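Spelled out, the chains give:
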Amino acid sequence: DELFIKAESRAIMEESKHSKREAKDQKQEVKGLDEELDDEKLILKSQDKGCKGFPVAKKTAMMSTLVRTVVEGDKESAEIQLPNVKGSILRKVISYMQYHADTPPKEIEKPLKSHNMTDVVSDWDAHFVEVPQDVLFELILAANYMDIKSLLDLTCAKVASMIKGKSPEQIRKLFHIQNDFSPQEEEAVRAENKWAEES
């Protein structure tokens, strides 16, 4: 009798362990489907020669409409060529996408209420666009090419903040733009657009 009870309780314990293991495996399987999307990577390749590419979570890379379109057109594509983007710029674009994958950027109010970017966007975004002019313009081109609207809005807002409240001469000096108008042509344009200066 005692032997039978021990054997019976051992069988019940084994069955219980087996049931628990199956339940755990099922949970992992369900969880695994969600994680699979997060763990799936794409390789974004810049225009740089010999670029091995930058591994990025698929979910993050899909912030780019260009990348999304390529992936939806070819489900097997694991590498996305970005021939119009330099490696150093792509690295910055990826850091932007990684940050905003889980922290969606807020809509930028237009017209800008201030020339100070921290009054307009989050501190992280304001710091992100505190870059030299050439890098800023490369970011604008990359955001436009990759079709990342929030990044394009942010970089353009930065340029707008730089010119807010400045005269045409100051803007030309800031962006190293040569004035190709003669003094007479410039005066004629000013007269035609007097209304713009008044607003």
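Report on the accompanying structure. (Residues numbered from 1 in each chain as written. Predicted model: local features only at pLDDT ≥ 70, side-chain atom pairs only at ≥ 80, totals over all residues. Heavy atoms only, no water.)

A few points about unusual backbone geometry
- Omega for the peptide link from Lys110 to Pro111 comes to -5°, which places this bond in the cis form.
- Checked against the element boundaries, Pro111 lands in the loop between helix 4 (87-102) and helix 5 (123-128). (Helix = DSSP H or I, 4+ residues; strand = E, 2+ residues; numbered from the N terminus.)

Describing the environment of Asn179
- Mapped onto the fold, Asn179 is located in the loop between helix 8 (168-174) and helix 9 (183-192).
- Distance from Asn179 to Glu169, taken between C-alpha atoms, is 8.6 Å for residues ten residues apart in sequence.
- Excluding anything up to four places from it in sequence, Asn179 contacts Arg172 and Glu186. (Contact = heavy atoms within 4.5 Å.)

Section: the nonpolar core
- In this structure, Leu44, Leu90, Val93, Met97, Met146, Leu151 and Leu154 are the most contacted members of the largest nonpolar core, which totals 40 residues.
- Looking at this core, the elements with two or more residues in it are strand 1 (41-45), strand 2 (54-57), helix 3 (65-73), helix 4, helix 5, helix 6 (133-146) and helix 7 (149-163).
- At seven residues, helix 6 tops the list of elements feeding residues into this core. (Core = buried A, V, L, I, M, F, W, Y, C linked by side-chain atoms within 4.5 Å. Buried < 20%, exposed > 50% of the residue type's maximum accessible area, 1.4 Å probe, protein only.)

Some points on the environment of Ile43
- With respect to the helices and strands, the residue Ile43 is situated in strand 1.
- The class for Ile43 is partly exposed, based on a relative accessible area of 21%.
- The spacing of Ile43 and Gln81 is 38 residues in sequence and 8.5 Å in space, taken between C-alpha atoms.
- For Ile43, the contacting residues outside a window of four places in its chain are Lys52, Gly53, Phe54, Pro55, Ala78, Glu79 and Ile80.

So, the sheet that holds strand 2
- Strands sit in the order 2-1-3 across an open sheet of three strands; the sheet is mixed. What marks the edges here is a single partner per strand, and that holds for strand 2 and strand 3 (79-81). Shown here is a sheet whose adjacent strand axes are inclined to one another by a mean of 30°, direction ignored.
- Summarising the sheet, strand 1 and strand 3 pair through three bridges and their orientation is parallel. If you follow Leu44 over to strand 3, its bridge partner there is Ile80. (Pairing = 2+ DSSP bridges. Axes fitted to C-alpha atoms, helices over the stretch in contact; angles between N-to-C directions.)

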